[in-house]
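# A closer look at the structure
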Amino acid sequence: MSIFRYALIFMPTTERQCLDCGETIHGRADKKFCNDQCRSNFNNQLNSDSHNLVRNINNILRRNRRILQQLNPTGKTKTSRKKLDTLGFNFNYFTGIYQTKAGNTYNFCYDYGYLILSEEEILIVKRENQ
């Protein structure tokens, strides 16, 4: 038996605790969790706070796009601000802005955009593939 092998067999081990549940871990020296469920739970808890904001914003953007798509089956249509508000559209969230040479500003939710024509009238457009 080599000296190296002898050292590995008789090395003192310290008891390690699972980072999620605190149970004693058996197995590899670099193991941090007692099972896959504890590993998943620990990582989900670690990332949940930072991802909640992003998840909520993405949900708003997807809802906005879905509303624009629903109201604009032809590619270009006019609707009322009241109708958008009733469906839950949030004018504070969009993915991009397009300024025309004429000075009009379109706000886009992915591939669907809108132009505020007046206090009550909104033009909805669909961006063609670029």
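In what follows, the accompanying structure is described. (Residues numbered from 1 in each chain as written. Predicted model: local features only at pLDDT ≥ 70, side-chain atom pairs only at ≥ 80, totals over all residues. Heavy atoms only, no water.)

### Concerning the overall build of the protein chain
How we decide: In this description a helix means any DSSP run of H or I spanning at least four residues, a strand means any run of E spanning at least two, and both kinds are numbered starting from the N terminus. Exposed residues in this analysis have more than 50% of their type's maximum accessible area, buried residues have under 20%, and partly exposed residues fall in between, with area computed by a 1.4 Å probe over protein chains only. Contacts were defined at the residue level, with two residues in contact if any of their heavy atoms lie within 4.5 Å. Accessible surface is estimated by sampling points in the Shrake-Rupley manner with a 1.4 Å probe; for residues, cover comes only from the protein chains shown.
Within the protein chain, the regular secondary structure consists of three helices and seven strands. Secondary structure of the protein chain in N-to-C order comes out as α-β-β-α-β-α-β-β-β-β. Burial status across the protein chain gives 22% buried among its 130 residues. In the protein chain, the proportion of contacts linking residues at least 24 apart, taken out of those at least 6 apart, comes to 38%. For the protein chain, the computed accessible surface area is about 9900 Å², with 50% contributed by carbon and sulfur atoms.

### Quick word on the side chain of N64
Mapped onto the fold, N64 is located in helix α2 (residues 36-71). Beyond its immediate stretch of four places on either side in the chain, N64 contacts G88, F89, N90, Y93 and C109.

### As for the side chain of N107
Relative to the assigned elements, N107 resides in strand β5 (residues 105-109). Accessibility expressed as a relative area gives 14% for N107, which makes it buried. With residues near it in sequence (within four places) discarded, N107 still touches F94, G96, I97, Y112, G113 and Y114.

### Things to note about the environment of F42
Mapped onto the secondary structure, F42 falls in helix α2. C-alpha separation for the pair F42 and L19, spaced 23 residues apart in sequence, amounts to 7.3 Å. Not counting the four nearest positions on each side in its chain, F42 is found in contact with L19, D20 and F33.

### Description of the sheet that holds strand β7 (residues 121-126)
Applied cut-off: The rule for pairing is simple: two strands pair if DSSP sees at least two bridges between them. To get an axis, a line is fitted to the C-alpha atoms, and for a helix only the part in contact is used. The angle between two axes follows their N-to-C directions and goes from 0 to 180 degrees.
On the basis of which strands lie adjacent, the open sheet formed by five strands has the order β3-β7-β6-β5-β4 and antiparallel pairing. Strands with a single pairing partner mark the edges of an open sheet, and in this sheet they are β3 (76-80) and β4 (96-99). Neighbour to neighbour, the strand axes of the sheet diverge by 30° on average, direction disregarded.

### With respect to the pattern of salt bridges
Worth spelling out the cut-off: In what follows, salt bridge is the name for a side-chain nitrogen of Lys or Arg lying within 4 Å of a carboxyl oxygen of Asp or Glu.
What the rule picks out here adds up to four salt bridges. The closest approach of N and O atoms between K126 and D111, which form a salt bridge, is 3.8 Å. Residue K126 is located in strand β7, and its partner D111 is located in the loop between β5 and β6 (112-116); the two are separated by 15 residues in the primary sequence. Owing to a relative accessible area of 33%, K126 belongs among the partly exposed residues under this scheme. Salt bridges sharing common partners tie together R65, D111 and K126.

### Observations regarding the environment of S118
Operational definition: Here a polar contact is taken to be a pair of N or O atoms separated by no more than 3.5 Å, where protein atoms must pair a possible hydrogen donor with a possible acceptor and residues adjacent in sequence count only if both atoms sit in side chains.
The residue S118 is located in the loop between β6 and β7 in this model. Assessed through its relative accessible area of 35%, S118 is described here as partly exposed. It is 9.2 Å that separates the C-alpha atoms of S118 and R81, two residues lying 37 residues apart in sequence. Engagement of the side chain of S118 in a polar contact is seen with the backbone nitrogen of E121, the distance being 3.1 Å.

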